[in-house]
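Listed below are the residues making up each chain.
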Amino acid sequence: MTMRQRIVTDATKCCGCRVCELICSLRHAGICDPNRSAVHRCTVTPDLQFMLSTCAQCANIHCAQACPAGAIHRDERTGAVVVDADLCNLCGACVEACPFDQIAVVGERVLKCDLCGGEPQCVAWCPREALSLVTYALRCEVEGATS
Amino acid sequence: LPLTNRVLHIDLNHLATDTSEIPSEAVRLLLGGGGVGLYLWGTSVRPEVDPFAPENDLVISAGALTGTIMPGCAKVTAVCKNTVVATDDGRHYVACSVAGSRDFGQMMKGARWDHIVIHGQSERPLYVLVEDDEVQFIPAEHLWGTTGTESGSAVLREQHGADVGTMVIGAAGENRVRFSMAVVDLSHSLGRAGVGAVMGAKNLKALVVRGTQGVPVADPAGLVTVAQKTVTNVKAWDHLPVWSRLGMGGGWSTFRYTQYPGKWPMDRWDRLYGEEKRLESLEKVLACSSCHLGCRVKWRIPDGTHAGEVGYGSPYGKSATGGQLLGIEDINQMIHLVAVANAAGLDFYTWTRLTDWFTTLVDRGLVDADQPGIRVERTYPCYEQLMDMTIHREGIGSVLAEGWIPVAEYIGRDPQEYWYAGINKGTDFIYDARSARIHPLTFSFITNPRPHHGGTHSLSTAAGKPPEQIREQIEEWGVSTEMLIEESPEPKLQVGRMTKYTEDAMMVRNALGACSMYPAFGLERMHHLLAAFNAVSGEDLSLDQLMATGDRLFNLLKWLNVREGFRREDDRIPELWLRPMESPEGVIATRDYYGQHELSRADLEAMLEQYYVERGWNPESGCPTRAQLRALKLDRLLGAKQTGTEK
């Protein structure tokens with residue numbers, strides 16, 4: 001049985017503090033910028049509910065399948081779907097392919113959660129445990145899900 | 001990284017914009033945020049300007065660390081002349097009001113604006129949308145008079161994106177109620193500076209900001225390291241579970257003695273407004289950006305007439321104190337009143353105290369119960385109606401909307417008669433020193449040009465802390481601890497002297513955008529903020545320089561108010577603190593920090609004298625000297641002509 005890891009969110013616990021976005025952008029892009037974070041806190045109007053979202057590290061990797069450069073693959077150690085910056089030509093095909101809007105090209109970089117090498121910082125820093133890293137068993141193997 | 005601050009000037013007279021830069025050398029002296037905000041106001045507005053005049057600029061600033069991951073660094077400040085009448089001869093103080101933010105500060109910094117200065121007055125109601133470098137003036141007739149701070153913000157977020165920063169006024173600001181506020185991101189307020197009324201006078205319904213560029217950091221790893229230290233302290237703090245559950249600082253156990261109004265027996269207050277009652281309506285704790293504590297909440301009234309009503313902010317302290325003062329036993333009725341005040345942008349503290357004073361004088365037959373538009377009595381329906389009349393300036397509400405000194409004139413009484421907390425410079429205090437004791441925070445109500453703590457928190461805010469704990473905090477301020485705290489023959493805090501340093505620390509925090517709750521519980525120290533500032537800016541400031549900046553900024557604030565004619569005689573010791581509170585819990589007199597001695601007027605006067613000495617001010621006039629302003633380099637910043645105060 002294949003075991004995988006991903007981040008799950010519990011928006012009912014979110015206090016809106018943006019710490020996840022700030023640590024993600026600071027660690028990966030050296031700037032405090034929600035727009036350069038791979039995890040997103042979104043306010044739901046009108047009554048201050050928050051939505052949290054990040055890459056589901058899909059079993060069926062739409063972005064990898066769409067990538068013409070073969071730059072996206074699964075890191076078997078962490079279970080994260082990662083982008084090889086050396087191979088990536090920033091064409092944006094992955095952005096189009098992601099059904100969940102969790103990958104973007106920002107400047108010279110593809111923005112996508114890589115689980116921080118297995119220790120996601122957003123999970124570690126969240127003050128309210130609204131984000132957690134879970135290990136789960138795939139219900140069925142998907143052809144082409146790994147490379 | 002360049003240390004320069006970028007300033008966006010918005011001219012409402014001509015619906016035009018301009019930009020300017022504060023050079024690095026000036027920023028090094030003022031840090032940023034509220035520090036530069038005071039400088040911008042002081043150098044562009046003439047003394048004695050009418051607070052409602054178009055020339056009373058409103059300077060909105062985001063702190064130097066706002067928008068970064070440093071825990072609690074999310075503050076924005078507003079500098080303007082307060083619309084509240086501060087003295088019998090009609091003077092008004094210049095204030096720097098402070099609010100946390102979830103989005104506003106982040107967006108302002110992300111748009112790369114450190115300061116937004118609102119000049120002039122629009123002919124018609126509008127709101128201003130700032131999206132990075134783009135500015136739009138958008139008609140707001142559809143919002144003016146029809147939306148409150150919450151509904152207005154919801155409309156603007158619907159229109160411009162759910163995560164924009166919003167600063168909105170409600171009916172109180174629109175109607176120029178003198179003690180009105182602007183509400184930031186639905187749950188934070190810029191109060192006690194008349195910001196709501198100043199925006200109302202400018203016909204400015206709201207400021208909406210979106211920034212897409214983030215906050216650059218010179219040393220990301222260094223910033224992560226220092227932020228982690230504060231996070232580690234927070235996680236190890238044994239009080240954290242209580243805070244996280246209630247969404248408030250000290251919890252009920254602290255609140256009930258620091259803000260006890262002395263009307264009800266304590267057990268009755270506990271039963272009606274205590275922790276369990278709070279949890280009934282608390283739906284969710286809300287935090288500022290970067291904050292690991294969270295002191296705002298979203299509430300939903302569970303039952304009664306207002307069942308299902310939702311609100312945002314910090315309703316529990318206000319409802320508990322206000323409920324006891326007004327004699328309202330139903331917490332949900334009081335929370336509803338907080339919601340009405342928040343939607344209108346009305347200062348709930350001032351309104352409840354002013355109304356309590358008025359009603360009690362009616363109860364005692366000293367003021368006529370029949371007032372224009374209403375028969376005043378101590379009932380909830382009457383208060384509900386009175387609040388509405390105040391917000392809309394109808395009948396007697398038009399008098400209440402003017403604040404303490406005009407109300408006192410109307411009824412022919414002295415505000416110093418009022419029996420809770422105390423009043424100075426036309427402003428009621430948050431804490432009553434008889435319940436909370438004398439410590440630097442309560443003492444700053446006398447010395448601060450704006451008699452509100454505004455973040456003068458330190459470990460000594462909670463009474464009776466062991467000297468060794470306080471000493472640790474004092475040591476990094478670069479002063480002799482022996483001078484500020486004694487251990488034998490009995491522990492004694494030199495409150496007058498120490499107030500100077502807590503005020504300086506507050507100015508540093510307002511410039512950096514750093515929350516003051518963290519130091520109040522020893523969770524963060526000044527050297528952490530220093531490391532964060534250096535990591536973000538790439539500067540190499542020392543702790544001594546940081547504290548010296550605090551001194552400079554407080555002198556700047558003071559000087560702006562000296563310019564308005566404020567002198568030592570305005571730093572009045574409240575008569576109330578010398579009248580023991582006769583409560584069901586016994587007689588409560590103003591006592592020293594360790595609770596050992598009842599304090600007399602002479603004791604408080606001596607503390608005030610010590611304060612002026614420590615500040616290096618002329619003790620007779622209570623003003624900074626010219627030499628001092630020169631030494632602080634304020635003369636250069638402000639222009640030599642303006643700095644002449646005392647030789």
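Relevant structure appears above.
Throughout what follows, the structure given in this document is the object of discussion. (Residues numbered from 1 in each chain as written. Chains lettered and ligands numbered in written order. Predicted model: local features only at pLDDT ≥ 70, side-chain atom pairs only at ≥ 80, totals over all residues. Heavy atoms only, no water.)

### A few points about the overall build of chain B
Inference 1: Counting secondary structure elements, chain B contains 28 helices and 24 strands.
Inference 2: Counting only C-alpha atoms and orienting by the principal axes, one finds that chain B spans roughly 65 × 65 × 50 Å.
Inference 3: Out of the 647 residues belonging to chain B, those deemed buried represent 67%.
Inference 4: A sequence separation of at least 24 residues applies to 68% of the contacts in chain B between residues at least 6 apart.
Inference 5: Summed over its atoms, the accessible surface of chain B is roughly 20,400 Å², and 48% of this surface lies on carbon and sulfur atoms.
Inference 6: The averaged location of the 81 negative side-chain charges in chain B is 2 Å from the averaged location of its 64 positive side-chain charges. (Helix = DSSP H or I, 4+ residues; strand = E, 2+ residues; numbered from the N terminus. Buried < 20%, exposed > 50% of the residue type's maximum accessible area, 1.4 Å probe, protein only. Contact = heavy atoms within 4.5 Å. Areas by Shrake-Rupley, 256 points an atom, 1.4 Å probe, with all protein chains shown as cover. Lys, Arg positive; Asp, Glu negative; His and termini not counted. Charge placed at Lys NZ, Arg CZ, Asp CG, Glu CD.)

### A closer look at helix 1 (residues 19-29) of chain A
Residues and elements named next belong to chain A.
Inference 1: With eight of its 11 residues buried, helix 1 lies for the most part within the structure.
Inference 2: Of all the residues in helix 1, the buried ones are Val19, Cys20, Glu21, Leu22, Ile23, Cys24, Ser25 and Leu26.
Inference 3: Within two residues after helix 1, Gly30 carries a phi angle of roughly 70°, on the positive side.

### Points about the pattern of salt bridges
Inference 1: Within the structure shown, the criterion is met by 48 salt bridges over all chains.
Inference 2: We note a salt bridge from Glu487(B) to Arg471(B), for which the minimum N-O separation is 1.9 Å. Here the residue Glu487(B) occupies a position in the loop between strand 21 (485-486) and strand 22 (492-493), and Arg471(B) occupies one in helix 20 (residues 467-475), the gap between them amounting to 16 residues.
Inference 3: On the accessibility criterion, Glu487(B) (44% relative accessible area) is partly exposed.
Inference 4: One network of salt bridges, in which partners are shared, links Arg18(A), Glu21(A), Arg41(A), Asp103(B), Arg157(B), Asp163(B) and Asp185(B). (Salt bridge = Lys/Arg side-chain N within 4 Å of Asp/Glu carboxyl O.)

### A look at the pairing of strand 4 (residues 76-81) of chain B
Residue and element names in this part refer to chain B.
Inference 1: Within strand 4, six of the six residues are buried, leaving the element largely enclosed by the surrounding structure.
Inference 2: Relative to strand 4, strand 3 (residues 58-62) runs antiparallel, the two sharing four bridges. What sits directly across from Ser61, in strand 4, is Thr77.
Inference 3: By the bridge criterion, six bridges tie strand 4 to strand 5 (residues 94-99) in an arrangement that is antiparallel. Counterpart to Val79 in the pairing with strand 5 is Cys96. (Pairing = 2+ DSSP bridges.)

### Description of the environment of Ala589(B)
Residue and element names in this part refer to chain B.
Inference 1: As for its position among the elements, Ala589 is in the loop between strand 24 (586-588) and helix 26 (601-615).
Inference 2: Separated by 12 residues in the primary sequence, Ala589 and Trp577 have C-alpha atoms spaced 7.5 Å apart.
Inference 3: If we skip the residues at most four places from it in the chain, Ala589 touches Arg434, Pro580 and Glu598.

### A word on the sheet that holds strand 5 of chain B
Residues and elements named next belong to chain B.
Inference 1: With mixed pairing, the six strands of this open sheet are ordered in space as 2-1-6-3-4-5. Looking at which strands have only one partner, the edges of the open sheet turn out to be strand 2 (16-22) and strand 5. Sheet twist, expressed as the average angle between the axes of neighbouring strands with direction ignored, equals 20°. (Axes fitted to C-alpha atoms, helices over the stretch in contact; angles between N-to-C directions.)

### Things to note about the interface of chain A and chain B
Where interface size is given, it is often the accessible area lost as the parts come together that is meant.
Inference 1: Taken together, the contact between chain A and chain B spans 32 residues of the former and 43 residues of the latter.
Inference 2: Taken together, both faces of the contact between chain A and chain B bury some 2,800 Å²; the carbon and sulfur share is 56%.
Inference 3: Looking at the side of chain A facing chain B, the largest losses of area belong to Leu48(A), Trp125(A) and Arg128(A), adding up to 23% of the total buried there.
Inference 4: At the junction of chain A and chain B, the tally comes to four salt bridges.
Inference 5: Arg41(A) is paired through a salt bridge with Asp163(B); the nearest N and O atoms lie 2.8 Å apart.
Inference 6: Remark: the boundary between chain A and chain B carries 16 residue pairs in polar contact (both at pLDDT 80 or more).
Inference 7: Elements supplying a minimum of two residues to the side of chain A that touches chain B: helix 1, strand 2 (31-32), strand 3 (39-44), strand 4 (49-54) and helix 4 (121-125) of chain A. (Buried area = accessible area lost by both parts, 1.4 Å probe. Polar contact = N/O pair within 3.5 Å; in protein donor to acceptor, adjacent residues only side chain to side chain.)

### As for the environment of Lys633(B)
All names here are of chain B.
Inference 1: The topology assignment puts Lys633 in the loop between helix 27 (626-631) and helix 28 (634-638).
Inference 2: Classification of Lys633 by relative accessible area gives partly exposed; the value is 34%.
Inference 3: Along the sequence, Lys633 and Arg552 sit 81 residues apart, while their C-alpha atoms lie 8.1 Å from each other.

### Topic: the packing of aromatic side chains
Residues and elements named next belong to chain B.
Inference 1: Under the counting rule described, the total for this entry stands at 21 aromatic pairs over all chains.
Inference 2: On the basis of an interplanar angle of 80° and a centroid distance of 5.7 Å, the ring pair of Trp243 and Phe521 is categorised as edge-to-face. With Trp243 in helix 8 (residues 240-246) and Phe521 in the loop between helix 23 (517-520) and helix 24 (526-537), the pair connects residues that are 278 residues apart, well separated along the chain.
Inference 3: On the accessibility criterion, Phe521 (25% relative accessible area) is partly exposed.
Inference 4: Each residue in the set Trp252, Phe255, Tyr260 and Trp269 is aromatic and connected to the rest through ring pairs, giving one cluster. (Phe/Tyr/Trp six-rings, centres within 6.5 Å; stacked < 30°, edge-to-face > 60°.)

### What about helix 15 (residues 380-391) of chain B?
Residue and element names in this part refer to chain B.
Inference 1: Taking 1.5 Å per residue as the helical rise, helix 15 with its 12 residues ought to reach 16 Å, and the 17 Å between its terminal C-alpha atoms agrees with that figure.
Inference 2: Buried residues of helix 15: Tyr380, Cys382, Tyr383, Leu386, Met387, Met389, Thr390 and Ile391, and no others.
Inference 3: Contact partners of the buried residues in helix 15: helix 5 (171-174), helix 12 (315-326), helix 13 (331-344), helix 14 (348-363), strand 18 (374-375) and helix 16 (397-400).
Inference 4: One or two steps after helix 15, the chain reaches Arg393, where phi turns positive at roughly 55°. (Expected span 1.5 Å × (residues − 1).)

### What to know about the nonpolar core
It is characteristic of soluble globular proteins that their nonpolar side chains tend to be buried jointly.
Inference 1: With 217 residues, the main nonpolar core has Ile116(B), Leu207(B), Leu223(B), Tyr273(B), Trp357(B) and Leu556(B) as its most contacted residues.
Inference 2: Ranked by residues supplied to this core, first place goes to helix 22 (residues 495-512) of chain B with nine residues.
Inference 3: Apart from the residues within four sequence positions on either side, Leu207(B) is in contact with Ile10(B), Ile60(B), Phe104(B), Ile116(B), Ile118(B), Val128(B), Val130(B), Gly165(B), Thr166(B) and Met167(B).
Inference 4: By size, the runner-up hydrophobic cluster in this structure holds 21 residues, among which are Ala80(A), Cys122(A), Ala130(A) and Tyr312(B). (Core = buried A, V, L, I, M, F, W, Y, C linked by side-chain atoms within 4.5 Å.)

### Points about the sheet that holds strand 14 (residues 282-286) of chain B
Residues and elements named next belong to chain B.
Inference 1: Taken in spatial order, the three strands make up an open sheet running 14-15-16, and their pairing is antiparallel. What marks the edges here is a single partner per strand, and that holds for strand 14 and strand 16 (310-313). The sheet shows a mean angle of 15° between the axes of neighbouring strands, direction not considered.
Inference 2: Two strands pair when backbone bridges link them, and strand 15 (residues 296-300) and strand 16 are joined in this way by four bridges, in the antiparallel orientation. Looking at strand 16, one finds that Lys298 is bridged to Tyr312.
Inference 3: Set on the sheet, helix 12 makes contact with strand 14, strand 15 and strand 16; between it and strand 15 the angle comes to about 70°.

### Notes on the packing of helix 22 of chain B against helix 26 of chain B
All names here are of chain B.
Inference 1: At a minimum axis distance of 7 Å, the contact between helix 22 and helix 26 shows a crossing angle of 50°. Classed by the angle they form, the pair helix 22 and helix 26 counts as oblique. As helix 22 packs across helix 26, the resulting crossing turns out to be right-handed. Along its contact with helix 22, which presents Val495, Gly496, Arg497, Thr499, Lys500, Tyr501, Glu503 and Asp504, the element helix 26 presents Met607, Gln610, Tyr611, Glu614 and Arg615.
Inference 2: Residue classes in the contact of helix 22 with helix 26 are distributed as four nonpolar, three polar and six charged. (Parallel < 35°, antiparallel > 145°, perpendicular 65-115°, else oblique. Left-handed = near helix turned anticlockwise from the far one by under 90°. Nonpolar A, V, L, I, M, F, W, Y, C, P; charged D, E, K, R; others polar.)

### So, the side chain of Thr147(B)
Residue and element names in this part refer to chain B.
Inference 1: Looking at where Thr147 falls in the secondary structure, it is placed in the loop between strand 8 (134-139) and helix 4 (149-160).
Inference 2: Within the local environment of Thr147, its side chain forms a polar contact with the backbone oxygen of Leu143, the two atoms lying 2.8 Å apart.
Inference 3: Each residue touching Thr147, except ones within four places of it in the same chain, is listed here: Gly152, Gly170, Glu174 and Lys205.

### Some remarks on the packing of helix 12 of chain B against helix 13 of chain B
Residue and element names in this part refer to chain B.
Inference 1: Remark: helix 12 packs on helix 13, axes separated minimally by 9 Å, with the N-to-C direction vectors making an angle of 115°. Judged by the angle between their axes, helix 12 and helix 13 are roughly perpendicular. The crossing of helix 12 and helix 13 is right-handed. Facing Pro315, Tyr316, Lys318, Ser319, Gly322, Gly323 and Leu326 of helix 12, the residues of helix 13 in contact are Ile331, Met334, Ile335 and Val338.

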